[in-house]
Amino acid sequence: MSTDNSAGGNNGAENGDRSGTPEIRVHGLHKSFGDNEVLRGIDLEVASGEVVCVIGPSGSGKSTLLRCVNLLEEPSKGQVFVGGTEITDPDVDIDAVRRRIGMVFQQFNLFPHLTVTDNLTLPQRRVLGRDKEAAAKVAAENLRRVGLSEKATAYPGSLSGGQQQRVAIARALAMGPQVMLFDEPTSALDPELVGDVLAVMRMLADEGMTMMVVTHEMSFAREVADRVVFMDGGVIVEQGPPSQVIGSPTHERTRHFLSRLLDPAMAEVEDTPPPEPDKSV
Ligand SMILES: Nc1ncnc2c1ncn2[C@@H]1O[C@H](COP(=O)(O)OP(=O)(O)OP(=O)(O)O)[C@@H](O)[C@H]1O
Ligand SMILES: [Mg+2]
């Protein structure tokens, strides 16, 4: 009987190198906008091949955290390392850093006047200096991965929101990133289009991609995340396996957030003042 349990598992985390340097390391991260201290000391490590879902109420700093990880925002204090390189070092080559980090936003940000293929080849040619033929080959390969080969010559306006988001994911993948950051990638989609996008993200997780995903999709977090991080007020309140953080959270703030998320009707009840007693009875 084999005692090797490394081949199992329901995602690609086991394929990653958990023993080495974390793919992402955030140390003592603070970020203020004027007087508004949005991140108040975040410490977080993401191992190679790990999928971390970040959840938390609106305004808790989730997007700001992701944006600091690829320096779309400059941290006020603290350090961020990607693949062992300190990207907050003032001497770092920021373009080289960004090439290693793919980011997918709620809004897809595709160029409407370019075909799907041209949306994928343009950044490869501009940023990586690939020639037209090589870029087209990588574009085709990544469109195939997201199940959209047949849309290669279409324009974004003729695609559904879910298809546009999958193109945006393919565009990020075509750059060959080491890590992928997703900021609520399905929030702008009609409910029936969410599943196809989540399926692509699940595939990436299975392939061993290192991922940080801000999401309200609790079933995705439960199934795919190795770890769930709950943020509130610019700090990490608790983190752990999804079964623990979503299934039996230890902090009241997490419980409150989840109860509102999982049962919006309850949130409405909580927010609505009690009705006046009916004096007619
Ligand atoms: N560029 C900016 N300039 C000023 N304030 C900002 C900026 N970006 C974010 N903030 C503020 O930082 C706080 C956290 O915002 P952030 O977008 O990180 O929250 P979030 O957790 O992603 O919320 P949501 O779930 O609504 O997306 C908010 O109070 C927001 O107004
Ligand atoms: Mg956000």
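J.: Could you give me a rundown of the environment of Leu128, with the residues and numbers involved?
T.: By the element assignment, Leu128 lies in helix α3 (residues 116–128). Sequence separation between Leu128 and Arg99 is 29 residues; the distance between their C-alpha atoms is 8.1 Å. Once residues lying within four places of it in the same chain are set aside, the contact partners of Leu128 are Arg99, Pro123, Ala174 and Met175.

J.: Could you give an account of the site of ligand 1, naming the residues involved and the relevant values?
T.: In the neighbourhood of ligand 1, 13 residues make up the surrounding shell, with Ser58, Gly59, Lys62, Ser63 and Thr64 lying closest. Gly61 is positioned such that a nitrogen or oxygen atom in its backbone is 3.0 Å from an oxygen atom of ligand 1. With respect to ligand 1, the side chain of Lys62 contributes an N or O atom lying 2.7 Å from an oxygen atom. Taken together, the elements giving at least two residues each to the shell around ligand 1 come down to β2 (36–46) and α1 (62–69). If you tally residues by element for the shell around ligand 1, the top one is α1, at three residues. A per-class count over the shell around ligand 1 returns three nonpolar, seven polar and three charged.

J.: Tell me what's going on with the pattern of salt bridges, and back it up with residues and numbers.
T.: This model, assessed by the stated rule, comprises eight salt bridges. Note that Glu141 is salt-bridged to Arg144, the shortest N-O span being 2.9 Å. Here Glu141 pairs with Arg144, and both are found in helix α4 (residues 132–145), just three residues apart, close to one helical turn. For Arg144, a relative accessible area of 48% puts it in the partly exposed group.

Rules behind the numbers
- Residues numbered from 1 in each chain as written.
- Chains lettered and ligands numbered in written order.
- Predicted model: local features only at pLDDT ≥ 70, side-chain atom pairs only at ≥ 80, totals over all residues.
- Heavy atoms only, no water.
- Helix = DSSP H or I, 4+ residues; strand = E, 2+ residues; numbered from the N terminus.
- Contact = heavy atoms within 4.5 Å.
- Near = heavy atom within 4 Å.
- Polar contact = N/O pair within 3.5 Å; in protein donor to acceptor, adjacent residues only side chain to side chain.
- Nonpolar A, V, L, I, M, F, W, Y, C, P; charged D, E, K, R; others polar.
- Salt bridge = Lys/Arg side-chain N within 4 Å of Asp/Glu carboxyl O.
- Buried < 20%, exposed > 50% of the residue type's maximum accessible area, 1.4 Å probe, protein only.

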